[in-house]
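A look at the structure
What follows is the residue order along each chain.
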Amino acid sequence: MTLNYQKTWKVLNELESTTSKICSARGILDSAIDALENRKKGKAETLMYAVDEYLQYYLEEFDRKFKNAWNETVTKLKQEEKDDYMSPWGHSDVDV
């Protein structure tokens, strides 16, 4: 089993894209803080609810993308390593 460069690049790029979306929540929080400092409680409240919804959605997306990236890279590398240590009889060198 060998890593497929295109698949690996795709899953890691998707993960990075989702991470960027999560980081942009900082802008919404900054706007909420500004609203609080300017005594605009209604706007601050709206922004806080918005960032809560935004983060819930993108953190779930991040979790899915992270698992995909992990499976496409680390899991495949681990399987490759395991396959390399198996003898032709189906036992690892350590078991022999």
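Rules of the game
- Residues numbered from 1 in each chain as written.
- Predicted model: local features only at pLDDT ≥ 70, side-chain atom pairs only at ≥ 80, totals over all residues.
- Heavy atoms only, no water.
- pLDDT = per-residue confidence, 0-100.
- Helix = DSSP H or I, 4+ residues; strand = E, 2+ residues; numbered from the N terminus.
- Axes fitted to C-alpha atoms, helices over the stretch in contact; angles between N-to-C directions.
- Parallel < 35°, antiparallel > 145°, perpendicular 65-115°, else oblique.
- Left-handed = near helix turned anticlockwise from the far one by under 90°.
- Nonpolar A, V, L, I, M, F, W, Y, C, P; charged D, E, K, R; others polar.
- Phe/Tyr/Trp six-rings, centres within 6.5 Å; stacked < 30°, edge-to-face > 60°.
- Salt bridge = Lys/Arg side-chain N within 4 Å of Asp/Glu carboxyl O.
- Buried < 20%, exposed > 50% of the residue type's maximum accessible area, 1.4 Å probe, protein only.

Considerations on the confidence of the model for the chain
Residues with a pLDDT of 70 or more make up 86% of the chain, whose mean pLDDT is 87. Mean pLDDT per element in the chain: helix 3 (residues 41-84) is the minimum at 91, and helix 2 (residues 25-37) is the maximum at 94.

Concerning the packing of helix 1 (residues 5-23) against helix 3
Taken N-terminus to C-terminus, the directions of helix 1 and helix 3 make an angle of 155°; their axes are 9 Å apart at the nearest point. In terms of orientation, helix 1 lies roughly antiparallel with respect to helix 3. Helix-helix and strand crossings are classified by hand; for helix 1 and helix 3 the assignment is left-handed. Its residues assigned to classes, the contact of helix 1 with helix 3 shows 11 nonpolar, 5 polar and 7 charged.

Describing the packing of aromatic side chains
If you walk through the whole model with that rule in mind, you get 4 aromatic pairs. Both rings, one in Tyr-57 and one in Tyr-58, keep their centres 4.8 Å apart while their planes meet at 85°; by these two values the pair is edge-to-face. An aromatic cluster is built from Tyr-54, Tyr-57 and Tyr-58, whose rings are joined through pairwise contacts.

Describing the pattern of salt bridges
In total, this model carries 6 salt bridges according to the counting rule given. Between Lys-21 and Glu-61 there is a salt bridge, with its nearest N and O atoms 3.7 Å apart. Here Glu-61 lies in helix 3 and Lys-21 lies in helix 1, a separation of 40 residues in the sequence. You can call Lys-21 partly exposed: its relative accessible area is 28%.

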